[in-house]
Every structure is written in C-alpha cells, then in structure tokens.
Amino acid sequence: MKYYLIAGEASGDLHASRLMEELKRHDAEADFRFVGGDKMAAVGGHLVRHFSEMAYMGFVPVLLHAHTILRCMRECKEDIAQWKPDVVILVDYPGFNLKIASYVRQRLGIPVYYYIAPKVWAWKEYRVKNIKRNVDELFSILPFEIPFFEQKHGYAIHYVGNPTMDEVDDYLKDHQSTSGEDGKRKVIALLAGSRRQEIKDNLPAMIEATEEFAGNYDIVVAGAPAIPADYYDKFVKGRNVTVVYNRTYDLLASATLAVVTSGTATLETALFGVPQVVCYETPLPRLIALLRRLLIHVPYISLVNLIAGRELVSELVADRFSVENIREEVRRLMPGSDAREPMLRGYEEVRRRLGTERAPENAARIMISLLSSRK
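Residues numbered from 1 in each chain as written. Predicted model: local features only at pLDDT ≥ 70, side-chain atom pairs only at ≥ 80, totals over all residues. Heavy atoms only, no water.

Right, let's get into the nonpolar core. In terms of nonpolar packing, the biggest core is built from 129 residues, with Tyr 3, Leu 5, Ile 89, Tyr 115, Phe 149 and Leu 203 touching the most fellow members. Beyond its immediate chain neighbours, meaning those up to four positions away, Leu 203 contacts Leu 190, Ala 192, Glu 198, Val 221, Tyr 232 and Phe 235. (Core = buried A, V, L, I, M, F, W, Y, C linked by side-chain atoms within 4.5 Å. Buried < 20%, exposed > 50% of the residue type's maximum accessible area, 1.4 Å probe, protein only. Contact = heavy atoms within 4.5 Å.)

Right, dumping it as structure tokens:
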C-alpha cells in the first residue's frame, strides 16, 4: 500500500520513522512518500520536503515565515492529490497537520490517520470538532487521552502504547546503568529544553540552583541537538558545569537526580527512575499563573503528573519558579531523603499505566488491518 506521512519536527521524525519500519515489516509492498526528516529518509521512500523548512515555533517566528509555511502546505496538498496514497498518516504537529487533514478528507476522500494525538486536552479543545470531522482514526500514546476523547467527546480512539517507553526500555536492555545510586558516579542532570528561548529562560536558574552541590556532584547539561555549542558557552563559562551532546539517555542513566523543563523529557526522566524537579520560567509569572488557571484545561504541565493523575513531581512554573525553590526541591530529593522513595514508587505506577504494548508495532498492525478491510 501507499503511505503518505507528515512529521513537522525532530520528535515526529523519530516516531514516524519507527512506525514506517513496522509498516514495512507487516506490509512487504509498503511504499512511502513523506514530509519529514533524516530518520524517515533512512527507512526509505521519497522525501518530499524536510521538516526543517517549516519548523517554526511561537507566534512571531510563524508570522515572519508565514509565506514559507503556506507554500509548503500548498505543495504538500498538491503532492498528495497527485500521488493518491491509500492513507495519509499525520504525526503530531497539529497547526499544520489539521489543515492538511481537512483538505485530504473533504476534498480528496482519502483516509486520514493521526499518530500521536494533538494535545487538545491541554488547550485549544475546540480542535476536537475538527478532529472528529476530518480524522478517520486517531492513535494515542497517552492513556489519559482515552477518557478525554471517548467519554468527554464521544470519539473512539486507539491507545497503542507509548513509544518513549519503548525507546527507554530498548536503551536499558543494551546499557548497564552507571547511576550515582550505586556509587560509581554522582551526577545532577540539567535538561533545559530543545529551543533557544527555553534554554535562555531556564538554564541560568538551573545552574545557579545546583551550584552548591558541585563539590559532590558533576553538574551536566543535556545539549539539544539543534543548538550549537557556542550558545551554551555564555551560560556555562566559568561554572562547574559541562555540556554533553546526543547523549541524553547516557546522562539520565548515570544521574542521581535531574532538573527538567516540561515536555517528553519529564517522562524520559521518570522511565529512567531518576527523581526530578520540573521547572519552567515564564514572562509575567503572576499573570501567567492566573491565565493558566483560566485557559489551560489540565491540572499539571508534566507528562509524569498527567499520567499519574497526581502531583508526583514538583512543578515550579510561573510564580513558583525561582532559584531558591529549585534548590530546595533538589535538596529534598537527595539520596536518603524522605521524598525520594515515594517518587520512585510513583514512577512504577506511571509505567503500569503506560502498559506493555509497543506503540509503533501496535499502531502499524491496526492501520494495515483497517486499510485492508476497506479494499
């Protein structure tokens, strides 16, 4: 069968590439055409456009590059119409992909599958109406999305397991932990995000909050792949801090604890069994704290807490974000502390809730079965 996939950022490229591998394994005649990145290209097929040409985040960058994004969207629609795939598979990236879904479903009548559901449960819940109208099958990787879509909105979805857990478990099978817990090495990991603004906002406070522990611990920053080394220099120069690149899993495997911005990194840290503090600086913190209560429809920002259904890890966001608060949470999580073991036990509950299904394989089998039944 012919599969057209669209992934608009690095994480989508990774998840889509693993899905493609499984589609190939279950469908010997799988033919791919896609908007994506290097990992998808390595699987095979035709790369129509690299995601780096349209990966702009935030209101101002998107506005400044609106012409480029719109051109990419127009060309993508034309390419789908000309190639006539059996299915279009969208991977996260909702601002772009939901518009593609509308065109493909309404104008071309081609089935639309969405792998890794848009996070409409957090904000922009009105998008559910568009998903129900334009997406034939939705594949979720977060268990709390099931009641949100099925019970609250009456839209049946497929929970297929979590690919991040697959990736962490695959790593752990092939690597022996060097955690500070076993006395081999003591590390505090700093995961400050993957974008320049996130790093600029969060890393200085992370460093300042952990400096007092530098005598007994290595303070190590996980460098983001797309950020050049010289960008980190202004934050770490003259400090007892090192930066490592393309080794985030190695870093977490050796960490005693971590300070992490929100996002998938919070879940990765939990799956490695590393106690963590979640922090995220925002402008106008008091106003943001108020708006968060009014506009954000979930009680937590970290995936760990959302999956656990309670505040398992501390979230120092908006008006709770400060160097002293981060430092105090780090102290609370040191080995031997009363707060450490309950958090680690909570991580086991997170694992149980994620289940044992391997997401790419499960999703590929369901997709092929659904498509075969249409013929």
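The predicted model of the protein averages 89 in pLDDT, with 88% of residues at 70 or higher. With pLDDT under 50 throughout, residues 56-65 is counted as low confidence; its partners more than four residues away or in other chains account for eight contacts. (pLDDT = per-residue confidence, 0-100.)

Our next topic: the sheet that holds strand β8 (residues 187-191). If you walk across this open sheet you meet the six strands as β10-β9-β8-β11-β12-β13, and the pairing is parallel. Pairing within the sheet leaves two strands with one partner each, and these edge strands are β10 (241-245) and β13 (315-317). If you compare each strand with its neighbour and ignore which way they point, the axes differ by 20° on average. Inspection of the sheet shows strand β12 (residues 276-280) paired to β13 by three bridges, in the parallel sense. The residue bridging Val 278 from the neighbouring strand is Glu 315, located in β13. Packed on one face of the sheet, helix α10 (residues 229-236) meets β9 (218-223) and β10 and runs near 165° to β10. (Pairing = 2+ DSSP bridges. Helix = DSSP H or I, 4+ residues; strand = E, 2+ residues; numbered from the N terminus. Axes fitted to C-alpha atoms, helices over the stretch in contact; angles between N-to-C directions.)

Moving on, we get to the packing of helix α9 (residues 196-210) against α10. α10 packs onto α9 with a crossing angle of 30° between their chain directions and a minimal axis gap of 10 Å. By the angle class used here, α9 and α10 are roughly parallel. Here the hand of the crossing between α9 and α10 comes out right-handed. Here Arg 196, Ile 199, Lys 200, Leu 203, Pro 204 and Ile 207 of α9 lie close against α10, whose contacting residues are Tyr 231, Tyr 232, Phe 235 and Val 236. Of the residues assigned to the contact of α9 with α10, the class counts are eight nonpolar, no polar and two charged. (Parallel < 35°, antiparallel > 145°, perpendicular 65-115°, else oblique. Left-handed = near helix turned anticlockwise from the far one by under 90°. Nonpolar A, V, L, I, M, F, W, Y, C, P; charged D, E, K, R; others polar.)

Before going further, it helps to spend a moment on helix α16 (residues 340-354). Compared with an ideal rise of 1.5 Å per residue, which puts 15 residues at 21 Å, α16 spans 22 Å between its outermost C-alpha atoms and is within 8% of the ideal. Along α16, the positions that sit buried rather than exposed are Arg 340, Met 343, Gly 346, Tyr 347, Val 350 and Leu 354. Around the axis of α16, the buried residues are gathered within 120° of arc, so they sit on the same side. Projecting away from the buried face of α16 at angles above 90 degrees are the exposed residues Arg 345 and Arg 352. (Expected span 1.5 Å × (residues − 1). Arc of directions from axis to C-beta.)

What the rule picks out here adds up to 22 salt bridges. Notably, a salt bridge pairs Arg 239 with Glu 211, separated by 2.9 Å at the nearest N-O pair. Here Glu 211 lies in the loop between α9 and β9 and Arg 239 lies in the loop between α10 and β10, a separation of 28 residues in the sequence. Residue classification places Arg 239 among the partly exposed positions, given a relative accessible area of 33%. Here the salt bridges share partners, and the residues they tie into one network are Glu 212, Glu 324, Arg 327, Glu 328 and Arg 331. (Salt bridge = Lys/Arg side-chain N within 4 Å of Asp/Glu carboxyl O.)

Residue position: Gly 355 is located in the loop between α16 and α17 (359-374). In this structure Gly 355 comes out as partly exposed when scored by relative accessible area, which is 24%. Distance in space between the C-alpha atoms of Gly 355 and Val 160 is 9.1 Å, their sequence separation being 195 residues.

Further remarks concern the packing of aromatic side chains. Taken as a whole and judged by the stated rule, the model has 12 aromatic pairs. With a centroid separation of 5.7 Å and an interplanar angle of 35°, the aromatic rings of Tyr 93 and Phe 96 are classed as tilted. Relative accessible area serves as the criterion here: at 10%, Tyr 93 is assigned to the buried category. Arranged with centres 5.8 Å apart and planes meeting at 50°, the rings of Tyr 113 and Phe 139 form a pair that is tilted. Pair noted here: Tyr 113 is in strand β5 (residues 112-115) and Phe 139 is in strand β6 (residues 137-140), with a separation of 26 residues, a long-range link. Look at Tyr 113 and you get buried, because its relative accessible area is 2%. Grouping aromatic residues by their ring pairs yields a cluster made of Phe 148, Phe 149 and Tyr 155. Cation over ring: Arg 196 sits above Tyr 231, and NZ or CZ is 4.9 Å from the ring centre. (Phe/Tyr/Trp six-rings, centres within 6.5 Å; stacked < 30°, edge-to-face > 60°. Lys NZ or Arg CZ within 6 Å of the ring centre and 35° of its normal.)

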